[in-house]
Number of protein chains: 6
Amino acid sequence: MTRCDKRDVDQLREVDFELGFNRYAEGSVLVSFGATQVLCNATVEEKVPPFMRGEGRGWVTAEYAMLPRATHSRSARESVRGRIGGRTHEIQRLIGRSLRAVVDLNLLGERTIQIDCDVLQADGGTRTASITGAYVALVTALRKLQREGLLSEDPLRDSVAAVSVGIVAGVPMLDLCYEEDARADVDMNFVVTGNGKFVEVQGTAETEPFSVDQLRQLQELALAGCRRLGELQAEALGDRL
Amino acid sequence: MTRCDKRDVDQLREVDFELGFNRYAEGSVLVSFGATQVLCNATVEEKVPPFMRGEGRGWVTAEYAMLPRATHSRSARESVRGRIGGRTHEIQRLIGRSLRAVVDLNLLGERTIQIDCDVLQADGGTRTASITGAYVALVTALRKLQREGLLSEDPLRDSVAAVSVGIVAGVPMLDLCYEEDARADVDMNFVVTGNGKFVEVQGTAETEPFSVDQLRQLQELALAGCRRLGELQAEALGDRL
Amino acid sequence: MTRCDKRDVDQLREVDFELGFNRYAEGSVLVSFGATQVLCNATVEEKVPPFMRGEGRGWVTAEYAMLPRATHSRSARESVRGRIGGRTHEIQRLIGRSLRAVVDLNLLGERTIQIDCDVLQADGGTRTASITGAYVALVTALRKLQREGLLSEDPLRDSVAAVSVGIVAGVPMLDLCYEEDARADVDMNFVVTGNGKFVEVQGTAETEPFSVDQLRQLQELALAGCRRLGELQAEALGDRL
Amino acid sequence: MTRCDKRDVDQLREVDFELGFNRYAEGSVLVSFGATQVLCNATVEEKVPPFMRGEGRGWVTAEYAMLPRATHSRSARESVRGRIGGRTHEIQRLIGRSLRAVVDLNLLGERTIQIDCDVLQADGGTRTASITGAYVALVTALRKLQREGLLSEDPLRDSVAAVSVGIVAGVPMLDLCYEEDARADVDMNFVVTGNGKFVEVQGTAETEPFSVDQLRQLQELALAGCRRLGELQAEALGDRL
Amino acid sequence: MTRCDKRDVDQLREVDFELGFNRYAEGSVLVSFGATQVLCNATVEEKVPPFMRGEGRGWVTAEYAMLPRATHSRSARESVRGRIGGRTHEIQRLIGRSLRAVVDLNLLGERTIQIDCDVLQADGGTRTASITGAYVALVTALRKLQREGLLSEDPLRDSVAAVSVGIVAGVPMLDLCYEEDARADVDMNFVVTGNGKFVEVQGTAETEPFSVDQLRQLQELALAGCRRLGELQAEALGDRL
Amino acid sequence: MTRCDKRDVDQLREVDFELGFNRYAEGSVLVSFGATQVLCNATVEEKVPPFMRGEGRGWVTAEYAMLPRATHSRSARESVRGRIGGRTHEIQRLIGRSLRAVVDLNLLGERTIQIDCDVLQADGGTRTASITGAYVALVTALRKLQREGLLSEDPLRDSVAAVSVGIVAGVPMLDLCYEEDARADVDMNFVVTGNGKFVEVQGTAETEPFSVDQLRQLQELALAGCRRLGELQAEALGDRL
């Protein structure tokens, strides 16, 4: 069996970060994982949700949406249907948790960083691309706050990236495109920090339950994939590795 | 540190299945994991969702809700707020996927088993109790269909149970009550089949990311816990082990 | 014609109050009128609705819902439909009014008693069972407030109970089960105080309008039924009659 | 105490029916009970609700709404709030039931008469004026169907009218205006057929529960009031009494 | 071709303003353009929208709705559909803008004039009749404020009226009724001040795009029509011309 | 006064069409009017809205939305607010009408072309850029249908483009950027066909009503601007002019 893009089983798709895509956002990144394209815009708001007011701590949260024609066939807008679907809720909660795991909210001050992840084109892995790109947008916005003297200390504790892995036709593999994902028996997403620890682990057996040994193999693919994504994030941000 | 109910770290809370709680449902179980109580009612409907019509296959799905005063302080009804929240969506999708993993939908015929999981009282672990109880309600409904001659073959491929694990004050432990859950650094849910394979693995670092080694320890606690839940399910269903 | 449960026309179904069903609510009662089971949880909130703020008076209100499989065939959740139906609105307004009729809101202080009536199983008379059980939950909560020294005077002015009556196959009868209700020509609900006065009278001719004389007969059945319910409420609350 | 409009306790307000107010509706009546004005438009639709299809029977139903400035101070539109309130649901269900009580749905054929009651100005008694006017609009539409030969037999079994009664400052009185209604201890609505039978009886103690004797007095006022309304309806319809 | 009502191409339908239709509104006008009837009620509220608070300026806004049977066949209520449609939004924004164009909001003080335009019967031109009638209701309300000494200076800068024009069967004509509107190739609405300037110009080619020359002809018809409407408004308001 | 981008009063901003931006859509164009960027995706669906079924005619419709951070400060998603706002409705109806004006729906066959206009970045003129870009996406999709042999005749009757004009500080000017638009006294949008006829004319006096003469000047600017846009559209589509 040949993978889409003729990749090795442990190979990422071509990953790209286009910084400054939007001129207004405090941080703006168009991230690509192959044909998957997500526009991640970070907005700094000088307020926090009601339940946090007066505590002096900050908040990081995210919203996620797909353009109607991000996919092969058009899907109805959630604004038209009048409500946000379960999948959207699940993904935007995941993005928010993943980012908060690497930010010291006490050092952020009483402000919110709102990340909007809008999928312009989808070819599998939109949630992992969103997290990976949102991190870059978040760092861009934090550095802007620092340059403007609004942060005394850097609230960033580590980097974070995410990747999908899965078992397709019995073979564990990294970073599934849509076609692979559609045929996968097992589909997992790992969110991993720069120092190799887990923020989130989500695995689902689509058809066949998976064994302890398979879980271990998928975990190893994901750890290596996220390590590589971390290098690419740092490069995009102009960091010396 | 002492656990709530003075349990060992690898010990489940007292688990109970009260079958036949509701007189109308084709399968009805009030499941308790300690003070957590979930009423799981299975309804058989002789139709499938529109996207599956005419394929001859069945469907298993679930809905999840909490009574307003299932919790320490009252929370507003989702019907009053006019929409179902993100957490509810996430949980009911999880319950449905978990059950479908052990049912051969081709053998079910063109009908739907709808499981309603209504939390009467919540003390942590409502989603894992829901899955564990929903399985018992599902089996009860399937056996009723078999007794009535509506199924030629048993569509059940395996059993399924779920349990939470977590790291509290640095200690990995099984089946967290609310108070433990609120203090946990890491919170995971495992959905495991009778033969020890994973259907779902969901882990979240609430405060501190977790290591490869910690993930392994949590996994072992969960596998043992689900094995024990499987025995209790079989007993409740009157099965010879 | 024989009644369901072989009752006399002026006989209540078996009525039961299980106090303390929920461990968190300030008052919690599972009330049964035959196979009809309603969980009534009273919550004390130290605030009042906006339109009453600063007046020093309290408020008593109620919400009512049915579990999807409370009935013979499953009905869709109101949270899923995104709105509360007309029947639900009508019933919860009735429960609230009935309870407020026997509470001196000035003596309650600026707090709200919120009663949640959730029907676990329905076999006719869910609104009358709800009112009758909600009263017991309300008293339990008020007594807790008194024990805690939060009320200087007892705000309770009288007791209240409710019962359905109807004309089935030409015969006036008390406390209709679902099957009787479905066949009734006239369906009435009376909400009556302990001293035999009316709080609410609601009668509907389902098929045939009813006469002045029939109204009188139904009224007499209801007054006797509510008298008996008042005795059972007092007994459940441990009151000397 | 003097009543508004200086009426006797058993006297109706000035009642008026303006037929043909709207040029499109199959039946159209602007009914006034004093300053209360309700536009009742009857629409004939050659279909029935889904649950009745193919049974050969008809349906009569109603919707009720108030213009925002029907009242002293403006109230928000239900379309703007995005949902219909409890009171509206309650009233429109009542209007529909009241009209169906005097129509033989089998003789109506598989069609729906939809009555829209829109309150242009409100001064108490909007639901009773709506029922009383809706009956006249309904008859107008039925006669049109008969003239067009679409009905072989008259489906009307009787007439129906409604009136409010109440106890104000201890005095039972007929047809309350807004000011009286706001001060009433007891507020009742009776829906009565032409031959003096009850279709609906709804009484609420706003402040003080009421006695068996008071109920009887209110009932007598209402029966006389509806008798008079029936005469005025017949007159408006051009019927010989 | 003969126009409906046998009018000349540059002739308005019969226009009527019935002032004081509603007894509660600060300004109330039932405006008729032929068979089109719109009830325009002006409400004065001593507050402004949140975004304007504390600026000392006032606001004028409008809502528009149709009764279900304002039209030949009944249309569903927007409150029942749970949302306001696009056409309604468009029209009520237009009415608000048109009125604000002739009011000096600084002189109005920090209060809102809310105009409700409810179409009782529709025969084309409901938006232009609404604007023309709403102006009269607005002036009535402003004069009431002046009489009560709540306005030191008259905030009215000019009058405003609106009319539709269109090209039907190749012929430009004024003030289309429904039947003409349905057959029109081009449909335009002009909102014009008393001194002959444009507040709004909205033209739509329903079937055939229109030329520069046709636009000029329509503009001339509209200017003359609005001049005549201004005279009728002044007359209704009792102004000396 | 100097214009943004130092343009002449009759000069368009830099206009760009990036075809094939999205890989799935049948027609996909990222249109830029200066810093305003709108992604226009055309989807071909082999069905028509219910009210057109079986007539053999096609339909062209549009949806419009802004990403939350398309603007200087972030605005809430319409999916989160649960409803589409009035401005959105107005714009998407305008886009649909404009496109239908140049398509012969009879030649399109019973299919729908759905155009999604998603504003990635907004700097004034989003609706006119949407129409101008949507036309290019529409033509791309129609040519694809023709290449695939699904259309026997070209349903395109003409081209269409749109531009804003306005009076800023007393000066009529073409194609306003956000800053100019915010200061404009008059704001107009013209939708014009390739042969110089009007499809839509929409003008609003934001502060001062405008005269017949000013309308004429704005019209001339718009006609010239749309002529130039038509040349750029043709060039982008590879058409010989």
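Per an unreviewed UniProt entry, chain A is named Ribonuclease PH, and its organism is Geothermobacter hydrogeniphilus. Checking UniProt for chain A, the heading Catalytic activity (unreviewed entry) contains the comment "tRNA(n+1) + phosphate = tRNA(n) + a ribonucleoside 5'-diphosphate". What the UniProt record of chain A gives under Subunit (unreviewed entry) is the line "Homohexameric ring arranged as a trimer of dimers."

Pulling in residues and values, what's your account of the environment of Gly96 of chain C?
All names here are of chain C. With respect to the secondary-structure elements, Gly96 resides in helix H2 (residues 86-100). Residue class for Gly96 comes out buried when judged on its relative accessible area of 2%. Sequence-wise, Gly96 and Gln114 are 18 residues apart; in three dimensions their C-alpha atoms are separated by 8.9 Å. Apart from residues lying up to four places away in sequence, Gly96 is in contact with Val60 and Ala62.

Provide a residue-level description of the sheet that holds strand S5 (residues 112-121) of chain D, including the pertinent values.
All names here are of chain D. Strand order in the open sheet made by the 5 strands is S1-S2-S3-S5-S4, with mixed pairing throughout. At either margin of the open sheet sits one strand with a lone partner, and together these are strand S1 (15-19) and strand S4 (59-66). On average, each strand axis in the sheet is tilted by 20 degrees relative to the strand beside it, whichever way the strands run. Helix H4 (residues 126-147) contacts S1, strand S2 (27-33), strand S3 (36-45), S4 and S5 of the sheet and is inclined by roughly 35 degrees relative to S3.

So what's going on with the UniProt feature "domain: Exoribonuclease phosphorolytic" (unreviewed entry) in chain A? Which residues, and what values?
Per the UniProt record, "domain: Exoribonuclease phosphorolytic" (unreviewed entry) is annotated on residues 11-141 and 159-224 of chain A. Secondary structure content for residues 159-224 of chain A is 29% helix and 47% strand, and the end C-alpha separation is 15 Å.

Report on the interface of chain F and chain A, specifying residues and quantitative values.
Taken together, the contact between chain F and chain A spans 35 residues of the former and 35 residues of the latter. Surface buried jointly by chain F and chain A totals about 3,000 Å² across both partners, of which 50% is contributed by carbon and sulfur atoms. Together, Tyr24, Arg69 and Arg74 of chain F form the three largest contributors to the area buried by chain F at its contact with chain A, with a combined 27%. Across the contact surface, chain F and chain A share 12 salt bridges. Residues Arg74 of chain A and Glu63 of chain F are paired through a salt bridge, measuring 3.0 Å at the closest nitrogen-oxygen approach. Across the contact surface, chain F and chain A share 24 residue pairs in polar contact (both at pLDDT 80 or more). Contributions of two or more residues to the side of chain F that touches chain A are made by strand S3 (36-45), strand S4 (59-66), helix H1 (78-81) and strand S5 (112-121) of chain F. Looking at the side of chain F that touches chain A, the element that brings in the most residues is S5 of chain F, giving 6 residues. For the side of chain F that touches chain A, the residue count by class is 15 nonpolar, 9 polar and 11 charged.

I'd like a rundown of the pairing of strand S6 (residues 160-168) of chain A, residues and numbers included.
Residues and elements named next belong to chain A. Across the 9 residues that make up S6, a large majority, 9, are buried. Judged by which residues are buried, S6 turns out to be covered on both faces: Val160, Ala162, Ser164, Gly166 and Val168 on one side and Ala161, Val163, Val165 and Ile167 on the other are all buried. Bridge count for S6 against strand S8 (residues 184-193) is 9 bridges, and the pairing is antiparallel. Considered in S8, the bridge of Ala162 is made with Val191. Direction of pairing for S6 relative to strand S7 (residues 171-174): antiparallel, over a ladder of 4 bridges. The partner of Val168 across the bridge, within S7, is Val171. Once S6 ends, the chain turns through 2 residues before running back antiparallel as S7, passing Ala169 with a positive phi of about 50 degrees.

I'd love a proper account of helix H2 (residues 86-100) of chain B, names of residues and values included.
Residues and elements named next belong to chain B. Its 15 residues give H2 an end-to-end C-alpha distance of 21 Å, which sits within 8% of 21 Å, the value for a rise of 1.5 Å per residue. Most of H2 is tucked away: 12 of the 15 residues are buried. Of the positions making up H2, those classed as buried are Gly86, Thr88, His89, Glu90, Ile91, Gln92, Leu94, Ile95, Gly96, Arg97, Ser98 and Leu99.

Before we move on, could you go through the side chain of Thr132 of chain F and cite the residues and values that matter?
All names here are of chain F. Here Thr132 lies in helix H4 (residues 126-147). A polar contact of 2.8 Å, which involves the side chain of Thr132, links it to the backbone oxygen of Thr128. Those residues in contact with Thr132 that lie beyond four places of it in its chain are Phe17, Phe33, Ala161, Ala162, Leu229 and Gln233.

Just give me the short version of the UniProt feature "binding site: phosphate" (unreviewed entry) in chain A, but keep the residues and values in it.
Residues and elements named next belong to chain A. As annotated in UniProt, the feature "binding site: phosphate" (unreviewed entry) corresponds to Arg87, Gly125, Thr126 and Arg127 in the numbering used here. Taken together, the annotated residues stretch across 41 residues yet fold into one region, lying no more than 13.4 Å apart by C-alpha. Along the chain, Gly125 falls in the loop between strand S5 (112-121) and helix H4 (126-147). In this structure Gly125 touches Arg13, Thr36 and Leu176, once residues within four positions along its chain are discounted. Tracing the backbone through its elements, the reader meets Arg127 in helix H4.

How would you explain the relation of the copies chain F and chain A if you had to name every residue and give the values?
One copy of the chain maps onto the other through a rotation about an axis followed by a shift along the same axis. The operation relating chain F to chain A is a screw motion whose rotation component is 180 degrees, with 0.0 Å of axial translation and a residual RMSD of 0.0 Å. Viewed as a symmetry operation, the transformation between the two copies matches a two-fold axis. Across chain F, the smallest distance between a C-alpha and the rotation axis is recorded for Ser79 of chain F, namely 1.8 Å. In this assembly the copies share their binding face: 100% of the residues contributing to the interface of chain F also contribute to that of chain A.

Rules behind the numbers
- Residues numbered from 1 in each chain as written.
- Chains lettered and ligands numbered in written order.
- Predicted model: local features only at pLDDT ≥ 70, side-chain atom pairs only at ≥ 80, totals over all residues.
- Heavy atoms only, no water.
- UniProt positions renumbered as here; feature names shortened; annotations may be inferred.
- Helix = DSSP H or I, 4+ residues; strand = E, 2+ residues; numbered from the N terminus.
- Buried < 20%, exposed > 50% of the residue type's maximum accessible area, 1.4 Å probe, protein only.
- Contact = heavy atoms within 4.5 Å.
- Pairing = 2+ DSSP bridges.
- Axes fitted to C-alpha atoms, helices over the stretch in contact; angles between N-to-C directions.
- Buried area = accessible area lost by both parts, 1.4 Å probe.
- Salt bridge = Lys/Arg side-chain N within 4 Å of Asp/Glu carboxyl O.
- Polar contact = N/O pair within 3.5 Å; in protein donor to acceptor, adjacent residues only side chain to side chain.
- Nonpolar A, V, L, I, M, F, W, Y, C, P; charged D, E, K, R; others polar.
- Expected span 1.5 Å × (residues − 1).
- Least-squares fit on C-alpha atoms with pLDDT ≥ 70 in both.

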